[in-house]
Amino acid sequence: MNRQVTDSILMLKPNNFGYNHQTSVNNFFQNELNLDRKEINSRVIKEFDRVVELLINNAIKVIVAEEQESDIVTPDAVFINNWLSFHEDRTIFIYPMYAHNRRLERRSYIIDLIKKNGFIVEDIKDISYYENESKYLESTGSMAFDRENKKIYAAISDRTNREILYKFAKGIKYEVIEFEAMQMVGGNKKHIYHTNVMFYVGSKFAFVCLETITDNRQRQNVINSLDKDAKKIIEITEKQMNNMLGNVIELTNNKDNFLLMSSKAFNSITPKQNKILEDMNFAILHSDISTIEDIGGGGVRCMIAEIFLPNIFAKKNA
């Protein structure tokens, strides 16, 4: 059975973080703050470093890549989970990205770094060519993987193309549970740009903003699928979603399991939700990434690419 949770992750330390006008057309979580570039980057680097320190202190293996001086400016590069994913069958997938300047985040030295850290890569499957057809699928932003049960939960949007989604799922032999998720924007309903801001599935539970799934049949399909696999549904409100409570990630150090979230998300948890997590023996880790959240429109889960590849060093130490 595939692992649902990993102890190894990849993060990218940004040097050119900023408000991305190309993504703001459908990422309604972004806010253009009145700060100069220097102040923004100073805050973001501190926020990033605090998250890395928190994880390392809890024995999570964090590989940190860093943007190079020669790189073209990519304001969203910190959200590294959107252009690649790592799988237990020793495969890396490279994905088609909606924004032109986000496509520049795909850098070979990042994959080289993964290999240098002992992770075994036998195949790189690049499906980014779909960009030529204006079709996009942004990795674990677009898809919430239930690896144990071989399912993909996905909210269809400009960034999550139905055709590619099903072709991808067929290729890896996963079932798709699709739906449309809508949020209120200026009094109107708009598609939520990424699944992972309103949906997360872990080893024992799922955080879901069910009220954003307006179609009754689709909502029930999601509920039925999670119930079938004994995933406890922890329903979150749209207000909590806007505080990035859907953008969480479960990690392990092979002794304890943790639920990582931002401090803004943590502060929005209700006592009832917290009790459910306590009963499941999850330790919540949280850190303030408010600048990244406000300007980038993504949360802590967006900053993390889970590594499920086997590691040659782990075999030697076994």
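Refer to the structure printed above.
**Student:** How would you summarise the overall build of the protein chain if you had to cite specific residues and measurements?
**Tutor:** Secondary structure summary: the protein chain contains eleven helices and 17 strands in total. Seen along its three principal axes, the alpha-carbon backbone of the protein chain occupies a region of about 50 × 50 × 40 Å. When the accessible surface of the protein chain is split by element, carbon and sulfur atoms take 47% of a total near 13500 Å². Side-chain charges in the protein chain split into 41 positive and 43 negative, and the spacing between the mean points of these groups amounts to 3 Å.

**Student:** Which residues make up the sheet that holds strand S5 (residues 123-126), and what values go with them?
**Tutor:** Hydrogen bonds along the backbone pair up the strands of a sheet, which may run parallel or antiparallel. With mixed pairing, three strands are arranged side by side in an open sheet as S3-S4-S5. Unpaired on one side and paired on the other, strand S3 (84-86) and S5 mark the two borders of the sheet. Taken pair by pair, the neighbouring strands of this sheet meet at an average axis angle of 15°, ignoring direction. Note that S3 and strand S4 (residues 91-94) share three bridges and pair antiparallel. The partner of Phe-86 across the bridge, within S4, is Ile-92.

**Student:** Give a description of the sheet that holds strand S12 (residues 205-208) that names residues and reports values.
**Tutor:** Pairing within the open sheet is mixed, and its three strands lie in the order S11-S12-S13. Both outer strands of the open sheet, strand S11 (199-201) and strand S13 (232-235), are each paired with one neighbouring strand and no more. Direction aside, the axes of adjacent strands within the sheet are offset by 15° on average. Note: S12 against S13, four bridges, orientation parallel. Bridge pairing in S13 links Phe-205 to Lys-232.

**Student:** Can you break down the nonpolar core residue by residue, with the values?
**Tutor:** What tends to happen in soluble globular proteins is that the nonpolar side chains get buried as a cluster. The biggest cluster of nonpolar side chains holds 64 residues, and the ones touching the most others in it are Met-11, Leu-55, Phe-179, Met-198, Phe-199, Phe-207 and Leu-260. With seven residues, helix H1 (residues 37-57) is the single largest residue contributor to this core. In contact with Phe-207, not counting residues within four places along its chain, are Met-198, Phe-199, Tyr-200, Ile-234, Ile-236, Leu-245, Val-248, Leu-259 and Leu-277.

**Student:** Now, about helix H5 (residues 162-172): what can you tell me, with residues and values included?
**Tutor:** Along H5, the residues that are buried comprise Ile-164, Leu-165, Phe-168, Ala-169 and Ile-172. In a view along the axis of H5, the buried residues occupy a sector of 130°, so they form one face of it. Exposed and oriented more than 90 degrees from the buried face of H5 are Lys-170 and Gly-171. Those residues of H5 hidden inside the fold are in contact with S4, strand S6 (143-146), strand S7 (151-155) and strand S8 (175-179).

**Student:** Could you give an account of the pairing of strand S10 (residues 188-191), with specific residues and numbers?
**Tutor:** Two elements, strand S9 (residues 182-185) and S10, share four bridges in a ladder whose sense is antiparallel. By the bridge assignment for S10, Val-185 is matched with Asn-188. Between S9 and the antiparallel strand that follows it, S10, lie two residues; Gly-186 among them carries a positive phi value of about 55°.

**Student:** Which residues make up the packing of aromatic side chains, and what are the values?
**Tutor:** According to the stated counting rule, one finds 14 aromatic pairs in the structure shown. Look at Phe-145 and Phe-168: their rings are 6.2 Å apart centre to centre, the planes differ by 65°, and that puts the pair in the edge-to-face class. Note that Phe-145 is positioned in strand S6 and Phe-168 in helix H5, a separation of 23 residues in sequence. Phe-168 sits in the buried class, given a relative accessible area of 6%. With a centroid separation of 6.1 Å and 85° between ring planes, the pair formed by Phe-145 and Tyr-174 is classed as edge-to-face. Taken together, the residues Phe-145 in strand S6 and Tyr-174 in the loop between H5 and S8 connect sequence positions 29 residues apart. Judged on exposure class, the residue Phe-145 and its partner Tyr-174 are both buried. An aromatic cluster is present here, built from Phe-93, Tyr-95, Phe-145, Phe-168 and Tyr-174 joined pairwise through their rings.

**Student:** Outline the environment of Gly-299, listing residues and values.
**Tutor:** Checked against the element boundaries, Gly-299 lands in the loop between helix H10 (290-296) and strand S17 (305-306). Overall, the relative accessible area of 0% leaves Gly-299 in the buried class. When neighbours within four sequence positions are excluded, Gly-299 is seen to be in contact with Phe-79, Met-244, Asn-247, Ile-289 and Glu-293.

Here is what the cut-offs are and how they apply
- Residues numbered from 1 in each chain as written.
- Predicted model: local features only at pLDDT ≥ 70, side-chain atom pairs only at ≥ 80, totals over all residues.
- Heavy atoms only, no water.
- Helix = DSSP H or I, 4+ residues; strand = E, 2+ residues; numbered from the N terminus.
- Areas by Shrake-Rupley, 256 points an atom, 1.4 Å probe, with all protein chains shown as cover.
- Lys, Arg positive; Asp, Glu negative; His and termini not counted.
- Charge placed at Lys NZ, Arg CZ, Asp CG, Glu CD.
- Pairing = 2+ DSSP bridges.
- Axes fitted to C-alpha atoms, helices over the stretch in contact; angles between N-to-C directions.
- Core = buried A, V, L, I, M, F, W, Y, C linked by side-chain atoms within 4.5 Å.
- Buried < 20%, exposed > 50% of the residue type's maximum accessible area, 1.4 Å probe, protein only.
- Contact = heavy atoms within 4.5 Å.
- Arc of directions from axis to C-beta.
- Phe/Tyr/Trp six-rings, centres within 6.5 Å; stacked < 30°, edge-to-face > 60°.

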